[in-house]
Amino acid sequence: MTFIDFINFHIVPGVVLGSIYAVGAIGITMVFGILRFAHLAHGDLATMGAFIALSTMGLFGASPWVGLPVAMIFAAAIAVGIDKTFYDYLRDRPKILTVMASLGVALMLRSVVQVVWGVDSTTYQRGIVRPDEYFGILLRDRELYTLLAVATIVIGLEAFLRKSKWGKAMRAMSDNPDLARLSGVDNRHVTMLTWAIVGALCAAAGFLLGLNNELNSMMGWHLLLPMFAAAILGGVGRVEGALLGGLIVGIAEELSVLILPGQYKAATAFVILLLILLVRPRGLLNGKVL
Amino acid sequence: MKLKSTAALIGSIIGASLLAATPAHAQNVKIGLLSGITGPIAAMAPPMIAASQLAVAHVNEQGGIGKGGKLEVVVGDSACNPQNATDAATKAVNIDRAVGIVGPACSGAVLAAANSVAVPAGALLITASGTSPQITSINDKDLVFRTVPSDDYQGRALARTLKGRDITKVAVAFLNNDYGKGLAEAFKAEFESLGGTIAGYSGHEGSKASYRSDLAELAKGGADTLVIFDYGDGTGLTILRQALENNFFKTFIGADGMKSDAVIRELGADNLGTFFTSSPVGEASSSLESFNKAFTAAGQSPDAIFTTTSYDAAFLMALAIEKAGGDNAKLAESLRAVSSAPGEPIMAGEWAKAKKLIAEGKDIDYKGAAGDHEFDKNGDVPGTYAFFKVSGGTYESLGEMK
């Protein structure tokens with residue numbers, strides 16, 4: 001195998017896939033960090049976002065990218081609604097109840113997708129796209145745009161968390177909710193804002209996955225394990241950690257076939273998750289211990 | 001005192017009416033119809049269910065079961081995986097009291113539903129699309145049958161066809177489940193014994209977002225042809241797309257699972273000039289013609305995969321129930337009796353005739369839309385396959401495979 005083949009067929013897909021994992025993992029890490037529970041409906045919310053984008057595209061008959069902002073807004077509203085309807089009641093109960101509730105929400109969301117959009121695989125754009133060559137590296141437009149979109153999302157989110165008043169409030173609540181409340185941070189507003197951002201990120205992850213592959217009602221659920229592995233690998237509560245974790249998991253999955261039979265590709269995320277919990281439970285970038 | 005006597009009166013009335021009702025009242029019989037309504041074969045499931053429902057409609061229109069009873073169908077989603085299949089089969093057999101199951105659709109689902117539900121409960125199971133060679137060897141107390149031939153035949157026929165087309169070097173990508181693995185093993189054995197070279201042979205898990213690295217590994221062997229044993233509505237679509245987009249291979253061969261409309265719909269017929277699939281087909285017969293006519297009249301396409309076998313599975317189930325005459329322990333024995341030669345031939349749709357002959361105690365032999373269905377001792381049938389290419393937005397047969 002030549003070096004350029006290695007880049008084209010292992011590293012490039014790994015980076016693209018990893019950056020999609022990263023967008024999802026950022027949402028997971030935020031829920032983990034600020035609200036302190038594992039959100040199992042994350043994947044199915046991503047599926048829903050992807051399908052909302054599909055419908056938007058169908059409505060305007062334009063490029064799928066038109067669907068992205070619409071899907072992000074809708075998914076944000078759905079996430080806030082889910083929190084108000086299901087999770088809010090359980091806030092003062094043990095967190096495991098909320099985790100279980102989120103599993104129920106996942107099943108509900110998936111069923112809604114199956115009822116509304118059906119169960120067949122579908123795509124944003126029919127046909128196949130052959131890649132363009134950039135100095136020997138094969139890239140498709142959609143892959144370039146995916147990377148660009150992920151970069152924009154991450155930079156925007158970082159800026160928001162570091163510079164804005166609300167971003168600082170979210171970080172404060174992540175560090176210590178009681179202290180944050182004493183300092184005048186309204187936990188309810190921060191919770192709502194967190195869900196809105198998480199919902200939007202879910203939709204983005206689902207959309208990007210759909211853009212690079214196919215859409216189907218199970219796409220998000222299958223994304224859940226690598227996304228959790230990425231969030232924990234990077235360090236819970238750390239946005240840049242989730243980005244790093246996502247890239248590592250994505251590339252590791254694509255590289256795994258070089259040394260392991262293809263059947264074990266899906267296990268790569270598991271192994272990474274186990275190793276990191278065993279060796280460095282705080283994650284690469286020193287997140288929270290759960 | 002009064003209360004007591006009233007209760008006694010009511011009790012005796014109920015008891016008497018029950019006694020009186022049993023022989024006089026028609027007994028409806030329930031069967032479970034399980035298919036992969038969600039999951040990787042979701043696109044194939046609706047026509048399969050419609051075909052089975054058509055058989056049930058024929059039964060009920062032409063006299064029903066027993067003395068005026070109807071055949072009732074409980075549809076369940078086996079989702080093409082063992083867990084859902086077990087749940088759906090358990091519900092059908094233990095809650096809805098179905099005497100038999102038509103389905104489930106996928107091989108892994110069939111193995112699970114048979115081993116953990118149907119066989120222990122003594123329910124007859126006829127699958128119309130579970131093709132794994134593994135199903136042959138289930139310890140099934142003669143309760144598991146299929147109207148579709150084992151993939152052992154299909155894998156071998158495909159190997160011979162490829163050799164016949166002068167393809168001597170291939171790479172094989174198979175979905176790591178009972179279906180994909182069974183096919184791949186049969187194909188590999190036959191292809192190598194014919195002197196062909198397997199230049200890459202790798203299983204994969206379903207539902208990953210990228211298979212480019214898997215494909216790069218497979219392509220290393222230098223084969224131009226990729227054989228994909230997977231589902232065209234699931235991972236198979238992803239693999240085919242990524243292989244096409246990256247020029248890993250020139251020719252693509254799939255088995256019945258890849259013969260999905262989703263492949264043509266999403267990738268476009270223009271890009272599929274070098275994509276071929278094998279698929280079981282019904283042998284030309286008057287039975288097949290009458291099925292085609294009835295199914296078309298019902299607004300469905302008889303060319304959709306596994307429709308003939310689905311029809312036959314449900315029809316055979318009904319024949320077995322009728323023949324057993326209410327004794328569920330005799331279902332399997334009855335199934336063999338109504339399907340094997342000799343006997344008065346019964347074509348697809350001829351329920352009234354079959355019912356009359358059974359009532360007269362005559363032997364019948366069902367000749368189905370998909371074939372004669374002479375079950376061997378494992379409940380398997382031999383099969384006929386055709387080789388398909390994509391043409392004008394649909395699959396077009398290139399002729400029978402030897």
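Our subject is the structure that appears above.
Cut-offs and rules
- Residues numbered from 1 in each chain as written.
- Chains lettered and ligands numbered in written order.
- Predicted model: local features only at pLDDT ≥ 70, side-chain atom pairs only at ≥ 80, totals over all residues.
- Heavy atoms only, no water.
- Disulfide = S-S within 2.5 Å.
- Helix = DSSP H or I, 4+ residues; strand = E, 2+ residues; numbered from the N terminus.
- Buried < 20%, exposed > 50% of the residue type's maximum accessible area, 1.4 Å probe, protein only.
- 1 Å grid on protein atoms, 1.4 Å probe; cavity = no way out; pocket = protein on both sides within 12 Å on 5 of 7 lines; lining within 4 Å.
- Points joined across faces, edges and corners; volume = space filled by probe spheres on them.
- Nonpolar A, V, L, I, M, F, W, Y, C, P; charged D, E, K, R; others polar.
- Domains from an automatic or database assignment.
- Contact = heavy atoms within 4.5 Å.
- Buried area = accessible area lost by both parts, 1.4 Å probe.
- Salt bridge = Lys/Arg side-chain N within 4 Å of Asp/Glu carboxyl O.
- Polar contact = N/O pair within 3.5 Å; in protein donor to acceptor, adjacent residues only side chain to side chain.

Enquirer: Hey, could you run me through the state of the cysteines in this one?
Expert: Residue and element names in this part refer to chain B. Considering all chains together, one arrives at 1 disulfide over all chains under this definition. Note on cysteine connectivity: Cys80 is disulfide-linked to Cys106, with sulfurs 2.0 Å apart. Around the S-S axis, the bridge from Cys80 to Cys106 shows a dihedral of about -100° and counts as left-handed. Of the two residues, Cys80 sits in the loop between β2 (71–77) and α3 (82–95) while Cys106 sits in the loop between β3 (100–102) and α4 (107–121), which places them 26 residues apart along the sequence. No difference in accessibility class separates Cys80 from Cys106, as the two residues are buried.

Enquirer: What's the story with the layout of surface pockets in this structure? I'm lost.
Expert: By volume, the largest pocket amounts to about 1,400 Å³. Contributing to the lining of the largest pocket are 47 residues, with Met218(A), His222(A), Pro40(B), Gly206(B) and Ser207(B) lying nearest its centre. Contributing elements (two or more residues each) for the lining of the largest pocket: α4 (95–117) and α9 (219–234) of chain A together with α3, α4 and α8 (235–245) of chain B. No other element matches the 6 residues that α9(A) contributes to the lining of the largest pocket. The class makeup of the residues in the lining of the largest pocket is 19 nonpolar, 20 polar and 8 charged. Both of domain 1 (29–150 + 284–367) and domain 2 (152–281 + 384–401) of chain B provide at least three residues apiece to the lining of the largest pocket. Around the second largest pocket, the lining comprises 41 residues; the ones closest to its centre are Pro280(B), Val281(B), Pro302(B), Asp303(B) and Ala304(B). Among the secondary structure elements, those contributing two or more residues to the lining of the second largest pocket are α9 (261–267), β10 (275–280), α10 (286–297), α11 (307–324), β13 (385–391) and β14 (394–401) of chain B. Broken down by element, the lining of the second largest pocket gets its largest block of residues, 4 residues, from β14(B). Looking at the lining of the second largest pocket residue by residue, the class counts come to 18 nonpolar, 14 polar and 9 charged. Split by domain, the lining of the second largest pocket shows at least three residues from each of two domains, domain 1 (29–150 + 284–367) and domain 2 (152–281 + 384–401) of chain B.

Enquirer: What's the story with the interface of chain A and chain B in this structure? I'm lost.
Expert: Often, the extent of an interface is quoted as the loss of accessible area on bringing the components together. With 34 residues of chain A at the interface, the matching set in chain B holds 35 residues. Together chain A and chain B conceal approximately 3,100 Å² of surface at their shared face, both sides included; 47% is due to carbon and sulfur atoms. The interface formed by chain A and chain B contains 7 salt bridges. Measuring nitrogen to oxygen at the nearest pair gives 3.0 Å for the salt bridge that ties Glu266(B) to Arg126(A). Between chain A and chain B we count 25 residue pairs in polar contact (both at pLDDT 80 or more) in total.

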